[in-house]
Protein chains: 2
Amino acid sequence: MNLPPLIQSFVLHFGEMGSHWGINRTVGQIYALLYVSDRPLNADDIVEAIGCSRSNTSMALKELQAWRLVKLQHLPGDRREYFSTPEDVWAIFKTLAEERQKREVEPTLTMLRGAIMETPAGEAERHAQARMNEMYQLIELVTKWFADIRDMDVETLEKLMKLGSQVGKVLQFTQSLGRLAGRDSGKED
Amino acid sequence: MNLPPLIQSFVLHFGEMGSHWGINRTVGQIYALLYVSDRPLNADDIVEAIGCSRSNTSMALKELQAWRLVKLQHLPGDRREYFSTPEDVWAIFKTLAEERQKREVEPTLTMLRGAIMETPAGEAERHAQARMNEMYQLIELVTKWFADIRDMDVETLEKLMKLGSQVGKVLQFTQSLGRLAGRDSGKED
DNA sequence: TCGAATTTTCAGTATTTTCTGAAACTTTGA
DNA sequence: TCAAAGTTTCAGAAAATACTGAAAATTCGA
């Protein structure tokens with residue numbers, strides 16, 4: 001690996017971090033490299049920078065594309081494929097959230113739904129089913145909320161986040177207003 | 001593995017899911033088993049249920065304890081250690097968020113802070129640093145917000161989540177009120 | 001259609017991670 | 001202090017995952 005020290009430490013960190021996230025080292029490193037690069041890179045640039053094999057690079061890029069985390073583009077007068085990451089960090093964050101939702105949360109919800117439908121045989125299963133239902137309700141609530149939040153525009157989202165826990169007070173205040181006006185401002189269960 | 005089918009599919013699913021999360025299969029399975037169990041289990045109960053070795057169970061339980069995801073307790077008149085998960089799914093969710101924050105987010109923020117402090121040598125490093133700063137700001141914002149949210153009581157949290165994206169409208173409305181009253185209701189940068 | 005440039009696949013190898021059984025250690029009651 | 005019950009450690013085996021180089025496939029201009 002032959003990179004400016006600042007970039008190198010970033011790339012190495014993401015490589016290590018990958019393992020905590022079920023992502024392999026090369027994939028993490030390549031993503032980090034593209035993220036900080038000031039121009040799109042082709043596969044050979046990446047091999048040169050990271051020091052992995054050409055085929056490994058190809059695999060890793062395919063995976064990053066499957067995650068929609070890198071964009072493929074062509075430069076005029078060059079047949080090679082160039083890769084870059086989206087500029088907007090919020091967009092990246094949203095993509096990541098969507099993909100994790102699809103790959104990890106959805107299958108779990110499906111499994112839970114199936115289990116909750118079954119008729120329990122005996123007390124152990126009955127209790128297990130009740131627990132699964134608690135988990136299901138929580139995941140579904142958080143998931144829907146995340147989806148709502150994802151679809152907010154970044155401006156509003158940033159305001160909301162900066163407001164932090166004060167939003168609780170705002171909420172209570174608004175609900176009082178709603179009651180005064182004779183309607184409930186929140187969704188019903 | 002010798003479990004009622006409903007529980008077995010839950011346990012197996014969490015085992016598989018583990019790999020996507022950088023958690024090993026046995027750890028995932030044991031957690032799932034404890035989560036749905038209607039009583040605390042000791043290590044031998046777990047070996048019996050999951051079908052792994054005693055030592056593997058010991059390792060996995062240690063890891064789950066390090067994550068604060070299982071509670072250790074003793075039953076009167078029994079020397080063995082019994083394990084269970086917290087009842088409250090919200091508490092579990094919060095613990096998970098806190099631990100991931102500590103293990104994955106903090107180290108990344110530290111690395112980014114270090115890199116951003118450095119004096120860039122050349123244009124590539126300057127650009128990389130700017131990108132790292134964007135990432136840093138985003139992570140810090142989301143992180144602080146999460147911490148705020150974690151500390152809200154569950155009642156308020158559920159209301160907020162059920163409100164969903166409508167919170168954006170509430171927010172804008174409240175800010176108008178704030179302006180009318182001659183002050184800003186949000187935190188400053 | 002050919003052939004040069006480029007990308008992808010894949011079988012085998014290397015590395016890493018997980019798991020086990022045996023031994024060491026700890027705790028507790030007598 | 002001893003012995004029984006229980007837990008943890010650890011070196012090596014087994015399994016899973018990542019990586020490579022060579023060969024196959026694809027793309028595209030002439």
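The residue numbering used here restarts from 1 in each chain and proceeds along that chain's sequence as written. As they are written, the chains are lettered A onward and the ligands numbered 1 onward, keeping that order. Note on the predicted model: pLDDT of at least 70 is required for a residue's local features to be given, and 80 or more for side-chain atom pairs to be given and counted; whole-chain, interface and lining totals, by contrast, use all residues. Neither water nor hydrogens contribute to the side-chain values; these are computed over all heavy atoms in the structure.

1. Side note on the sheet that holds strand S3 (residues 81–84) of chain A
Residue and element names in this part refer to chain A.
Thought 1: With antiparallel pairing, the three strands of this open sheet are ordered in space as S1-S3-S2. Pairing within the sheet leaves two strands with one partner each, and these edge strands are strand S1 (41–42) and strand S2 (71–74).
Thought 2: Two elements, S1 and S3, share two bridges in a ladder whose sense is antiparallel. Its bridge partner being in S3, Leu41 is matched across the sheet by Phe83. If DSSP finds at least two bridges between two strands, the strands pair. Strands are runs of DSSP state E lasting at least two residues, helices are runs of H or I lasting at least four, and both sets are numbered from the N terminus onward.

2. Section: the domain arrangement of chain A
Residue and element names in this part refer to chain A.
Thought 1: Domain delimitation follows an automatic or database domain assignment. Each assigned domain of chain A is listed with its residue range as follows: domain 1 (5–84) and domain 2 (89–180).
Thought 2: Here's the idea: put two parts together, see how much 1.4 Å probe accessible area each one loses, and the total over both is what we call buried area. Counting each side, the surface lost to burial between domain 1 and domain 2 is near 840 Å², with a carbon and sulfur contribution of 57%.
Thought 3: It is Trp21, Trp67 and Arg68 that lose the most area in domain 1 upon contact with domain 2, and together they represent 66% of the buried surface on that side.
Thought 4: Within this document, salt bridges are pairs made up of a side-chain nitrogen of Lys or Arg and a carboxyl oxygen of Asp or Glu, the two lying within 4 Å of each other. Put simply, domain 1 and domain 2 have two salt bridges between them.

3. Remarks on the environment of Met1 of chain A
Residue and element names in this part refer to chain A.
Thought 1: Here Met1 is to be found in the segment before helix H1 (5–20).
Thought 2: Classification of Met1 as partly exposed rests on a relative accessible area of 38%.
Thought 3: Along the primary structure Met1 and Lys62 are separated by 61 residues, whereas in three dimensions their C-alpha atoms are 21 Å apart.
Thought 4: Beyond its immediate chain neighbours, meaning those up to four positions away, Met1 contacts Gln8, Val11, Leu12, Gln29, Ala49 and Ile50. Relative accessibility thresholds used throughout: buried, under 20% of the residue-type maximum; exposed, over 50%; partly exposed, between the two (1.4 Å probe, protein chains only). In this description, contact between two residues means that some pair of their heavy atoms is separated by no more than 4.5 Å.

4. Things to note about the packing of helix H2 (residues 25–36) of chain A against helix H4 (residues 54–66) of chain A
Residue and element names in this part refer to chain A.
Thought 1: Here an angle of 0 to 180 degrees is reported between the N-to-C directions of two axes, which are lines fitted to C-alpha atoms, with helices fitted over the stretch in contact. With their axes 9 Å apart at the nearest point, H2 and H4 run at an angle of 75 degrees to one another. Judged by the inter-axis angle, H2 sits roughly perpendicular to H4. Facing H2, whose interface residues are Thr26, Val27, Ile30, Tyr31 and Leu34, H4 presents Asn56, Thr57, Ala60, Leu61, Glu63 and Leu64.
Thought 2: Class assignment for the residues of the contact of H2 with H4 results in seven nonpolar, three polar and one charged. To sort the angles, those under 35 degrees are grouped as roughly parallel, those over 145 as roughly antiparallel, those from 65 to 115 as roughly perpendicular, and the leftovers as oblique. Three classes are used, and their members are as follows: Ala, Val, Leu, Ile, Met, Phe, Trp, Tyr, Cys and Pro are nonpolar, Asp, Glu, Lys and Arg are charged, and the others, Gly among them, are polar.

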